[in-house]
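What follows is each chain in one-letter form.
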Amino acid sequence: MILLFIILLAVGFLLQSVLGVFQIKNFNKHYAELRKVGRVAIGRSKGVFRSGAVLMLALDAKANIIQAEKMQGLTILARCKRVQKMEGQPLLYIDEDVIKSLDPFLRKALKDAQKTYEIIMSGGTVEKPKSPIQSIFGLFKINREVK
C-alpha cells in the first residue's frame, strides 16, 4: 500500500514537471514575440493556494502599451492570452475604467509592472522576491548583529 502511494506520488511529480516545462516554453515563446514588438514590462501576482497572474506588456518608446498578454490560473495548464482592453493605454496612466475592468490578480500584476518599470527606468534594480520557503525560514531567523 505504501509502495503504491510512493509510486503515485512520483508519477504525479513527473507529470507536474513535464507540464511545467510546457508552461515555461509557452511563456518564453510569447515573451520573445513581445520583445520583437518593443520593450517588455512584466508584473506578477503570486498565488500559492489561489490563482496567480503574470502580465507582460510590450511598450513603445513613450511607454504606451502596444500589446498585453496574461498568464493566469491556479494550475500548470495556464497559457498566455491577449488582453486587448489595455492596448493603446499609457503604462503609468492607465484609464481607471480599464483598471476596474481587470480582476484583482491582474490589477496587482499591473501595479507590479508599473513599479518595476519605474525602478528600471530610474536606473535601479529590482530585488528578487522571496520564495515561500525563504519566507517560512525567515520567521525563524535569529538576528546576529553585533552592537
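Structure first, text after, so check above.
If you're wondering where the values come from, they're calculated on a predicted model, not measured in any experiment.

A.B. asks: Give a detailed account of the environment of A53, specifying residues and quantitative values.
C.D. replies: With respect to the secondary-structure elements, A53 resides in strand β2 (residues 52-59). The sequence separation of A53 and M71 amounts to 18 residues, and the corresponding C-alpha distance is 5.7 Å. The contact partners of A53, leaving out residues within four places of it in the chain, are G43, R44, S45, M71, Q72, F105, L106 and A109.

A.B. asks: Residues and numbers for a positive patch on the surface, please.
C.D. replies: Positive charge collects at one region of the surface, where R44, K46, R50 and K108 lie side by side. Residue position: R50 is located in the loop between β1 (39-45) and β2. Classification of R50 by relative accessible area gives partly exposed; the value is 35%.

A.B. asks: Go over the sheet that holds β2 with me, naming the residues and quoting the values.
C.D. replies: In space, the four strands of this open sheet follow the order β1-β2-β3-β4, with antiparallel pairing throughout. Two strands in the sheet have a free side with no partner beyond their single neighbour: β1 and β4 (80-82). Within the sheet, the average angular offset between the axes of one strand and its neighbour, ignoring direction, is 25°. Alignment of β2 against strand β3 (residues 65-73), held across eight bridges, turns out to be antiparallel. Residue pairing for β3: G52 is matched across the bridge by G73.

A.B. asks: Hey, could you go over the nonpolar core for me, with residue numbers and the actual values?
C.D. replies: Core analysis: the largest hydrophobic core is formed by 20 residues, its most contacted members being L57, I65, M86, L91 and L110. Secondary structure elements with two or more residues in this core: β2, β3, α2 (96-101) and α3 (104-121). Top element by residues in this core is α3. It accounts for five residues. If we ignore the near neighbours within four places in the chain, the residues touching L91 are A41, L57, L59, A63, N64, I65, L110, Q114 and Y117.

Thresholds applied
- Residues numbered from 1 in each chain as written.
- Predicted model: local features only at pLDDT ≥ 70, side-chain atom pairs only at ≥ 80, totals over all residues.
- Heavy atoms only, no water.
- Helix = DSSP H or I, 4+ residues; strand = E, 2+ residues; numbered from the N terminus.
- Contact = heavy atoms within 4.5 Å.
- Patch = residues over 30% accessible without salt bridge, like charges linked within 9 Å, V, L, I, M, F, W, Y side chains within 5 Å.
- Areas by Shrake-Rupley, 256 points an atom, 1.4 Å probe, with all protein chains shown as cover.
- Salt bridge = Lys/Arg side-chain N within 4 Å of Asp/Glu carboxyl O.
- Lys, Arg positive; Asp, Glu negative; His and termini not counted.
- Charge placed at Lys NZ, Arg CZ, Asp CG, Glu CD.
- Buried < 20%, exposed > 50% of the residue type's maximum accessible area, 1.4 Å probe, protein only.
- Pairing = 2+ DSSP bridges.
- Axes fitted to C-alpha atoms, helices over the stretch in contact; angles between N-to-C directions.
- Core = buried A, V, L, I, M, F, W, Y, C linked by side-chain atoms within 4.5 Å.

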